[in-house]
Amino acid sequence: MATDTDQGRRPAAPAGAAAPLPASVMRFAPAVSSRTLLSRALSVPLALGLTVAMPVVVAVQPGDGAHDSAYWLQLILTMYAGARLSGMILTSRRKLLQGSFWLFVYMAMGVAPLAQAVLGKVPTPVVGPRSDVTEAIALVLIGCVAFDVGALLARHRPGGRGRGETRPALVHRRRLYLLVAAAFACSAVFIMKLGGPAVFFSSRQEIIAGIAEAGISQADSQAGQALLRGFGTVPALIALLAYTRWLVTSRRARRSPVVIAVWCALAGLNAVVNNPISNPRYWFLTVLLALLFTVFPVSAAMYRSALSLGVVVALVVFPFADRFRYDDKNYHPVETTSMLEPLALKDYDQIGMFANTITFERSGSGHLYGRQLAGSILFAVPRSVWPGKPHDTGVMVGEWMGAVNTNLSSPVWAELWIDFGPVGMSLGLLGMGYAAARVDRRSARRATRRAPPGSLISLMVPLVAGYSFILLRGPLLQASGRVAIAMICTAMIMTYRQDRGAVLR
């Protein structure tokens with residue numbers, strides 16, 4: 001005799017119980033986890049906090065700044081960046097490159113310049129008229145909109161559907177061993193040139209002095225210093241990231257004493273050459289974010305936490321994190337009771353330097369039509385071969401200003417504008433948005449638990465996301481050395497072969 005469960009029938013519901021949902025409804029009803037509900041509950045406060053509350057709290061602080069058109073444009077820019085950063089945090093996919101871009105814009109081009117506008121204080125003097133500051137803020141806002149337009153265009157790539165997937169780029173195992181050997185050799189030369197490991201735990205001032213004593217740094221050229229520091233730090237970091245991903249994603253690697261031993265050796269090497277004491281804060285931020293996103297390759301929660309905590313770090317930690325820039329005699333901490341004053345007096349000079357770049361161009365120099373970009377691409381060419389090689393844009397504008405310290409920023413907006421004008425700047429930011437969205441989408445598709453341990457895009461995107469803070473801050477000439485070395489290291493270990501003898505397992 002057939003029972004109630006025969007023929008695919010369900011048992012009858014108990015008396016008084018609600019009738020079960022039809023199978024078709026249950027099939028398509030999305031499962032809602034407690035984490036999703038929590039994310040939805042926090043989405044409104046987060047969006048309102050970044051978009052409205054933070055800018056308003058800064059704007060209502062007492063200060064001597066004028067409430068002119070530049071002030072209101074800066075407030076609009078801050079709110080726009082806050083809305084876009086909220087969207088990056090709350091997105092269903094990890095968007096590392098776009099998230100890093102909007103985190104930088106929100107803090108360095110938004111909240112910090114707004115604090116400077118409220119207090120009427122800037123870390124770097126603005127030598128031109130107030131109208132140049134207004135124009136600089138407007139151009140930054142236009143560039144941000146262009147970046148968003150580029151990201152939107154990346155969603156509608158013609159002919160994208162139906163096209164076969166190309167074979168993914170992977171890390172070649174034996175070439176990775178060569179990179180590890182090269183990393184130890186290059187870092188050893190770097191350490192010996194500076195007099196041993198102890199100097200890396202003193203201060204950045206001691207590092208610079210050691211480079212000068214070694215005869216590597218010259219007054220008219222920094223190419224030797226850039227190459228030494230780049231080769232001493234970048235291969236070690238990329239090798240550590242590759243081994244970290246290998247251990248995180250491969251059970252076989254975690255059972256291998258050799259792989260674990262090499263990872264420990266690389267971690268010790270990076271603790272010397274890439275520690276926060278002897279390196280600029282933006283470079284250590286690159287190291288930290290790259291390691292974080294490599295250790296947690298698929299975690300949306302870690303991605304959201306990193307962007308959210310990045311705001312706190314930029315507001316609270318960064319203005320006071322230059323303790324190791326100078327030795328004890330030359331370190332002068334900021335003594336203030338104001339929450340905004342460290343933001344106004346420390347490193348966030350991007351809007352002011354963009355305004356100074358506009359004033360510099362209008363003083364008679366004119367647009368340079370790619371000259372600065374060519375100098376960044378050909379950074380390794382010595383000045384003895386290229387006597388007219390351009391200086392960093394920040395240094396060039398700083399010398400024109402008569403600044404004592406010419407180690408000044410030159411954000412990518414200013415770099416594009418001084419070479420190609422407002423149209424070229426807008427097209428450049430549009431291209432950046434398009435490229436970032438394309439790479440983020442491809443990286444999100446590959447960021448699964450079944451992705452191979454040697455997935456090259458999963459290795460390099462976290463590194464580029466961290467380094468984007470340096471690229472966006474500028475000058476590009478200072479940042480291009482490590483970019484070129486990273487490209488060399490990537491080409492060394494990249495392969496499209498998928499046989500067992502080549503790939504990581």
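**Structural notes on the overall build of the chain**
When helices and strands are counted, the chain shows 19 helices and 2 strands. Of all 505 residues assigned to the chain, the portion counted as buried reaches 48%. Here the chain displays about 24400 Å² of accessible surface, and carbon together with sulfur accounts for 64% of that area.

**Considerations on the packing of helix H4 (residues 96-119) against helix H18 (residues 456-473)**
As a packed pair, H4 and H18 sit with axes 9 Å apart at the nearest point and diverge in direction by 30 degrees. In this view, H4 runs roughly parallel relative to H18, as classed from their interaxial angle. In this structure, the crossing between H4 and H18 has a hand that is right-handed. Across the interface between the two elements, Leu96, Leu97, Ser100, Phe101, Leu103 and Phe104 from H4 touch Val461, Pro462, Val464, Ala465, Ser468, Phe469, Leu472 and Arg473 from H18. Grouping the amino acids of the contact of H4 with H18 by side-chain chemistry returns 11 nonpolar, 2 polar and 1 charged.

**A closer look at the confidence of the model for the chain**
Per-chain confidence: the chain averages 82 in pLDDT, with 81% of residues scoring 70 or above. Mean pLDDT across the elements of the chain bottoms out in helix H1 (residues 23-28) (41) and peaks in helix H5 (residues 130-153) (96). Below pLDDT 50 for its whole length, residues 1-38 participates in 9 contacts with residues either more than four positions away or in separate chains.

**Re the environment of Asp392**
Turning to its location among the elements, Asp392 is positioned in the loop between helix H15 (371-377) and helix H16 (393-401). Exposure remark for Asp392: the relative accessible area of 12% places this residue in the buried category. Spatially, the C-alpha atom of Asp392 lies 8.9 Å from that of Gly474, the residues being 82 residues apart in sequence. Not counting residues within four places of it along the chain, the set of residues in contact with Asp392 comprises Gln372, Pro475, Leu477 and Gln478. Side-chain polar atoms of Asp392 contact the side chain of Gln478, separated by 3.1 Å.

**Notes on empty space enclosed by the protein**
If you walk through the whole model with that rule in mind, you get 1 cavity of 30 Å³ or more. A volume near 50 Å³ is recorded for the largest cavity. Contributing to the lining of the largest cavity are Gln372, Leu373, Ser376, Glu415, Leu416, Asp419, Phe420 and Leu476. Secondary-structure elements contributing two or more residues to the lining of the largest cavity are H15 and helix H17 (412-446). It is H17 that provides the largest number of residues to the lining of the largest cavity, a total of 4 residues. Along the lines of polarity and charge, the residues of the lining of the largest cavity split into 4 nonpolar, 2 polar and 2 charged.

**As for helix H3 (residues 69-90)**
An ideal rise of 1.5 Å per residue puts 32 Å on 22 residues; H3 measures up with 32 Å between its terminal C-alpha atoms. Restricting attention to buried positions, one finds in H3 the residues Ala70, Tyr71, Gln74, Leu75, Leu77, Thr78, Ala81, Gly82, Leu85, Ser86, Met88 and Ile89.

**Topic: the packing of aromatic side chains**
According to the stated counting rule, one finds 11 aromatic pairs in the structure shown. Consider the rings of Trp283 and Tyr467, whose centres lie 5.9 Å apart with planes at 85 degrees: the pair is edge-to-face. Linking Trp283 in helix H11 (residues 281-295) with Tyr467 in helix H18, this pair joins segments that are 184 residues apart in sequence. For Trp283, a relative accessible area of 3% corresponds to the buried category. Through a chain of ring-to-ring contacts, the aromatic side chains of Tyr80, Phe101, Trp102, Phe147 and Trp413 assemble into a single cluster. A cation sits over an aromatic face here: Arg482 above Trp283, 4.1 Å from the ring centre.

**Some thoughts on H18**
Between its first and last C-alpha atoms H18 spans 26 Å; for 18 residues at 1.5 Å apiece the expected length is 26 Å, and the two agree. When you tally the buried positions in H18, you get 16 out of 18 residues, the bulk of the element. Positive backbone phi, approximately 75 degrees, marks Gly474, located one or two places after H18.

**Regarding the packing of H5 against H17**
As a packed pair, H5 and H17 sit with axes 5 Å apart at the nearest point and diverge in direction by 30 degrees. Regarding the angle of H5 to H17, the classification is roughly parallel. When you trace H5 past H17, the crossing you get is right-handed. Of H17, the residues touching H5 (which contributes Leu139, Val140, Ile142, Gly143, Cys144, Ala146, Phe147, Val149, Gly150, Ala151 and Leu153) are Trp413, Trp417, Pro422, Met425, Ser426, Leu429, Leu430, Met432, Gly433, Tyr434, Ala436 and Ala437. Per-class residue counts for the contact of H5 with H17 are 19 nonpolar, 4 polar and no charged.

**Thoughts on the layout of surface pockets**
Volume-wise, the second largest pocket comes out at about 1300 Å³. Surrounding the second largest pocket, 42 residues form its lining, Leu97, Val439, Val464, Leu471 and Val483 being those nearest its centre. Counting only elements with at least two residues in the lining of the second largest pocket, the list comes to H4, helix H8 (223-249), H15, H17, H18 and helix H19 (476-493). If one sorts the elements of the lining of the second largest pocket by residue count, H18 sits on top with 10 residues. When grouped by side-chain class, the residues that make up the lining of the second largest pocket number 32 nonpolar, 5 polar and 5 charged.

**A look at the side chain of Ser250**
Mapped onto the elements, Ser250 comes out in the loop between H8 and helix H9 (251-254). A polar contact of 3.1 Å, which involves the side chain of Ser250, links it to the backbone nitrogen of Ala253. Every residue in contact with Ser250, bar those within four places of it in the chain, is listed here: Pro453 and Arg505.

Rules behind the numbers
- Per chain, the residues get numbers from 1 upward, laid out in the order the sequence is written.
- Since the coordinates come from a predicted model, pLDDT governs what is reported: local features require at least 70, and pairs of side-chain atoms require 80 or more to be given and counted, while whole-chain, interface and lining totals use all residues.
- Hydrogens are left out, water is left out, and the side-chain values use all remaining heavy atoms of the structure.
- A helix here means a DSSP run of H or I that spans at least four residues, while a strand means a run of E at least two residues long, and both kinds are numbered starting from the N terminus.
- Under the scheme applied here, a residue whose accessible area is under 20% of the maximum for its type counts as buried, over 50% as exposed, and between as partly exposed, the area being computed with a 1.4 Å probe on protein chains only.
- Areas reported as accessible are Shrake-Rupley estimates using a 1.4 Å probe. Residue values count occlusion only from the protein chains shown.
- Only the contacting stretch of a helix is used when fitting its axis, a line to C-alpha atoms as for every element, and angles between N-to-C directions run 0 to 180 degrees.
- Any angle that falls under 35 degrees is termed roughly parallel, while one over 145 is termed roughly antiparallel, one within 65 to 115 roughly perpendicular, and all others oblique.
- Crossing handedness is read from the near helix: turned anticlockwise from the far helix by less than a right angle, it gives a left-handed crossing, and turned clockwise, a right-handed one.
- Working rule for contacts: check all heavy atoms of both residues, and any pair within 4.5 Å makes them a contact.
- When residues are grouped by polarity, Ala, Val, Leu, Ile, Met, Phe, Trp, Tyr, Cys and Pro land in nonpolar, Asp, Glu, Lys and Arg in charged, and all others, Gly among them, in polar.
- pLDDT gives the predictor's per-residue confidence on a scale running from 0 to 100.
- What qualifies as a polar contact is a pair of N or O atoms within 3.5 Å, subject to a donor-acceptor requirement within protein and to the restriction that residues adjacent in sequence count only when both atoms come from side chains.
- Detection works on a 1 Å grid of protein atoms alone, calling trapped sets that fit a 1.4 Å probe cavities and calling open sets with protein on both sides within 12 Å along at least five of seven lines pockets, with lining residues defined by an atom within 4 Å of a point.
- Grid points are joined across faces, edges and corners, and a volume is the space filled by probe spheres set on the points.
- What a helix is expected to span follows from its residue count: subtract one and scale by 1.5 Å.
- The pairing test for Phe, Tyr and Trp rings, Trp by its six-membered ring, is centres within 6.5 Å, and the orientation test on the planes gives stacked under 30 degrees, edge-to-face over 60, and tilted for anything in between.
- Both a distance and an angle decide whether a charge sits over a ring: NZ of Lys or CZ of Arg must be within 6 Å of the ring centre and within 35 degrees of the ring normal.

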